[in-house]
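Next come the chains, spelled out residue by residue.
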Amino acid sequence: SQPWPGPLPQPEIPAPNPPQETWASKYKFLLSCLGYCMGLGNVWRFPYLCYRNGGGIFLIPYFIMLLVTGLPLFLMELSLGQYGAAGPITVWKCCPLLKGVGVAMLIVSSLVSLYYNVIIAWAFYYLGSSFQSPLPWSCDAPWNADLCQVAPVTVTCWGCVLQNTSGSAGRDSASEVFWNEQVLGVTHSSGLGDPGPVQWPLALCLLAAWILVFLCMLKGIRSSGKVLYFTAPFPYLVILILIIRGATLDGSLNGIRFYLSSDWSRLQSAQVWSDAASQIFYSLGIGFGGLLSTASYNEFDNNVIRDTLVIAIGNCCTSFFAGFAIFSVLGHMAWRKQVPVGSVADSGPGLAFVAYPEALSLLPGSPFWSIFFFLMLLTLGVDTLFGNIEGITTAILDEFLALRDWRRKTALLGVLCTSFYLLGLLLVTQGGIFWFTLIDTYSTGFGLIIVTLFMCLGIAFCYGVNQFCRDIVDMICRCPPWCSHMLGYFRVCWAFFTPCLLLFTLIYTFLDMYSVPLRYGTYKYPAWGTSLGICMGVLTCLQIPLWAAVALCYESGTLSDRFQKAIQPLRSWRTATAQDVAGDVIDVPFTITLTGSD
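- Going by the annotation in an unreviewed UniProt entry, the name recorded for the protein is Transporter, with Calonectris borealis given as the source organism.
- Under the heading Subcellular location (unreviewed entry), UniProt records this for the protein: "Membrane".
- Under the Sequence similarities (unreviewed entry) heading, UniProt states for the protein: "Belongs to the sodium:neurotransmitter symporter (SNF) (TC 2.A.22) family."

Set out below in structure tokens:
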């Protein structure tokens, strides 16, 4: 044989993809999770649920649900993301049969991001209006003189019961007129099928909101982590200031008494327990994929059990204390108007943009307090949206590693923000609030509960609850005795208690959905609108059997053999985690093919 002429050709080693980022410090991770979990629902939904479901007695089912459902699921998401160092789709290499759970999380996060930034746009609008004196929704404004002439009259209005300060029971209060006519323009729309033109001031606020999100996330967790030093602790500061200010107001004790009034008989109601479970579920951000993505940037040996206890319990306690800030001011509002506190209490947008702004307008120096309040809403919304968008981008980047290049990642983020903005224009039309309510109700309804139920069952019975616990011990390395005891408790919850409570919540959600028709104020949604909303939830759920069928088709053998293979972790799952533990280097295989005759 003839010798090979010249030097041997060098193997072509593919260019490595940019490595995944990691948090610069554990504090940034904690701030990120606290900001993500501490959303608008903690401020405008929890206090309302508390007084509606027996006052202080509601804390009993609330903390029971936290211990049995919230903490186990929160730890499951953090541990899964940290151990796999991957987003909500790629992390299911641990059980390919359930890849659809990750895809479903991506759909839920996309739907939530679509409408959640509209709330930030509303906060932007009110924040800009708060720099006027007097406030444009207050009775001190000259253009509201006709609405504030005579003694108060209680009326029922758009989705809430408020104090009407006009002489006619058929007219709205000044704050409601500002909200319905100037901000939303909903008085010019007849319903879901009549969206009307775009409210351009809101469209500009929505554009500003998406530009803010884009700039803050431009460099990934490096830029968003720095922003979190301000946006995460600021709401806590505002809540503390509002509690102190509210305590000095006349009538504040009536509001606090109303907030904490105890009705022990409410513990016998299934609705109370369902409300407690749903509030824990949504306030912790479980099932959206944001926690998975945030934890994927952790160091492998981070103590996830400690972080779970700090973040989840801190978040829920903050929800409780936020109620004092809300109801002390509402108590003063009721005292000023000489009406019961219940007539001015509300939840959701009705609280944040009607009742509470009206209460703030009654305070001395009202523009100052209004600026503080809407800055708090803005930071609460932005922090939660960071988590949702991070979950979406991480899921895409994990599936398409070539996009991790900074320029391509920036282009991807720009395309996402632009797409969400254009789609969100429907929600800032004159009838946009009807579409907002529809998406808000069904995007995080039964579909999200089913996704989380399958995640829990998949980890507990397909991947194996014992294997999952060993993975957590591998990450913690030196597991303290208290961590071992907590892990034993979580093992029991994952295998039995948590799935059972999720199933109970799911059944009650279905019963409530079919027994109580969807409404916005006096407007009842048509059948086609309700069907469209249900389709959103069904679209989310369909991803689970669809991708399970794909996983089975990739395997060979009988159906039973395929199922057993599809629930086994892929080799790349074990390889990735082995690299994190031991720092092994994987050689790139190559071959050289010689052509020619000997």
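**Comments concerning the nonpolar core**
A general feature of soluble globular proteins is that nonpolar side chains tend to end up buried together.
Okay, so step 1: One finds W92, W122 and F353 to be the most contacted residues of the largest nonpolar core, which totals 194 residues.
Okay, so step 2: Not counting residues within four places of it along the chain, the set of residues in contact with F353 comprises W44, I119, W122, A123, Y126, W179, F374 and L377.

**A closer look at the state of the cysteines**
Okay, so step 1: Per the counting criterion, the structure on display carries zero disulfides.
Okay, so step 2: Unpaired in this structure, C37 has its nearest cysteine sulfur neighbour in C33, at a distance of 6.0 Å.
Okay, so step 3: Using a relative accessible area of 2% as the deciding quantity, one classes C37 as buried.

**Here we look at the pattern of salt bridges**
Okay, so step 1: Applying the stated criterion across every chain, the model contains four salt bridges.
Okay, so step 2: Between D307 and R306 there is a salt bridge, and its shortest N-O distance comes to 3.3 Å.
Okay, so step 3: Judged by relative accessible area, D307 falls into the buried class, the value being 2%.
Okay, so step 4: Between K337 and E358 there is a salt bridge, and its shortest N-O distance comes to 2.2 Å. Placement of the pair is K337 in helix 13 (residues 304–337) and E358 in helix 14 (residues 349–361), with a sequence separation of 21 residues. For the pair K337 and E358, a shared accessibility class is recorded, and that class is buried.

**With respect to the packing of aromatic side chains**
Okay, so step 1: Enumeration over the complete set of coordinates arrives at 49 aromatic pairs.
Okay, so step 2: Ring centres 5.2 Å apart and planes at 75° place the aromatic pair F373 and F374 in the edge-to-face group. The burial state of F373 is the same as that of F374; both residues are buried.
Okay, so step 3: When the centroid spacing of 6.5 Å and the interplanar angle of 80° are considered together, the rings of Y463 and F468 count as edge-to-face.
Okay, so step 4: Y463 gets classed as buried once you look at its relative accessible area, which sits at 8%.

**Here we look at the UniProt feature "binding site: Na(+)" (unreviewed entry) in the protein**
Okay, so step 1: As recorded in UniProt, the sites labelled "binding site: Na(+)" (unreviewed entry) are G35, N42, S283, N315, L380 and D383. Judged by maximum C-alpha separation, these annotated positions cover 349 residues in sequence but sit close together in space, the widest gap being only 13.5 Å.
Okay, so step 2: Here N42 is to be found in helix 2 (residues 40–44).
Okay, so step 3: Residue N42 is classed as buried on the basis of its relative accessible area of 2%.
Okay, so step 4: When sequence neighbours within four positions are dropped, the list of residues in contact with N42 reads C37, P47, Q279, S283, N315, S319 and A322.
Okay, so step 5: A distance of 3.2 Å separates a polar atom in the side chain of N42 from the backbone nitrogen of G39.

**Comments concerning helix 9 (residues 234–247)**
Okay, so step 1: For helix 9, built from 14 residues, the straight-helix expectation of 20 Å at 1.5 Å per residue is met to within 8% by its first-to-last C-alpha distance of 20 Å.
Okay, so step 2: Buried residues belonging to helix 9 abut helix 8 (221–231), helix 10 (252–260), helix 13, helix 14 and helix 15 (366–399).

**Topic: the environment of L75**
Okay, so step 1: Inspection of the secondary structure assignment puts L75 in helix 4 (residues 59–84).
Okay, so step 2: Judged by its relative accessible area of 0%, L75 falls in the buried class.
Okay, so step 3: Each C-alpha atom, one on L75 and one on V304, is 6.9 Å from the other, the two residues being 229 residues apart in sequence.

**Considerations on unusual backbone geometry**
Okay, so step 1: A cis amide bond, omega 5°, links S133 with the succeeding residue P134.
Okay, so step 2: The phi dihedral of Q338 is positive, around 60°, even though this residue is not glycine.
Okay, so step 3: Its location among the elements puts Q338 in the loop between helix 13 and helix 14.

**Remarks on the packing of helix 4 against helix 18 (residues 446–476)**
Any two packed helices are characterised by the angle at which their axes cross and by the distance between the axes.
Okay, so step 1: In the contact formed by helix 4 and helix 18, the axes pass within 10 Å of each other and the chain directions differ by 65°. Handedness of the crossing formed by helix 4 with helix 18: left-handed. On helix 18, the residues that touch L73, M76, E77, S79, L80, Q82 and Y83 of helix 4 are T452, M455, C456, I459, Y463, F468, D471, I472, D474 and M475.
Okay, so step 2: Looking at the contact of helix 4 with helix 18, its residues break down into eleven nonpolar, three polar and three charged.

**Remarks on the side chain of T410**
Okay, so step 1: With respect to the element layout, T410 can be found in helix 16 (residues 406–424).
Okay, so step 2: Among all residues touching T410, those that are not within four sequence positions of it are F214 and L218.

Thresholds applied
Sequence order as written defines residue numbering, which begins from 1 separately in each chain. Under the rules for a predicted model, residues below a pLDDT of 70 receive no local features and side-chain atom pairs below 80 are neither given nor counted, while totals for whole chains, interfaces and linings still include all residues. With hydrogens and water stripped out, all remaining heavy atoms of the structure feed into the side-chain values. UniProt positions are given in the numbering used here, feature names are shortened, and annotations may be inferred rather than shown by experiment. The nonpolar core is taken to be a set of buried Ala, Val, Leu, Ile, Met, Phe, Trp, Tyr and Cys residues, with the residues joined through side-chain atoms within 4.5 Å. Residue burial is assigned from relative accessible area. The probe radius is 1.4 Å, only protein chains are included, and a residue is buried under 20% of its type maximum, exposed over 50%, and partly exposed in between. Every residue pair with non-hydrogen atoms within 4.5 Å of one another is taken to be in contact. By disulfide we mean two sulfur atoms from cysteines, separated by a distance within 2.5 Å. A pairing counts as a salt bridge when a side-chain nitrogen of Lys or Arg comes within 4 Å of a carboxyl oxygen of Asp or Glu. Only runs of H or I of at least four residues qualify as helices and only runs of E of at least two qualify as strands under DSSP, and these elements are numbered from the N terminus. Two rings from Phe, Tyr or Trp (for Trp, the six-membered ring) form a pair when their centres are within 6.5 Å of each other. A pair whose planes differ by under 30 degrees is stacked, one over 60 is edge-to-face, and the rest are tilted. Pairs of N or O atoms within 3.5 Å make up the polar contacts considered here, provided that, within protein, one atom can donate a hydrogen while the other can accept it, and that residues adjacent in sequence are counted only when both atoms are side-chain atoms. Working rule for helices: expected span equals 1.5 Å times residues minus one. Axis definition: a line fitted to C-alpha atoms, over the contacting stretch in the case of helices. Angles run 0 to 180 degrees between N-to-C directions. We call a crossing left-handed when the near helix sits turned anticlockwise from the far one by less than a right angle, and right-handed when that turn is clockwise. In this count, Pro and Cys sit with the nonpolar residues alongside Ala, Val, Leu, Ile, Met, Phe, Trp and Tyr, while Asp, Glu, Lys and Arg are called charged and the others, Gly among them, polar.

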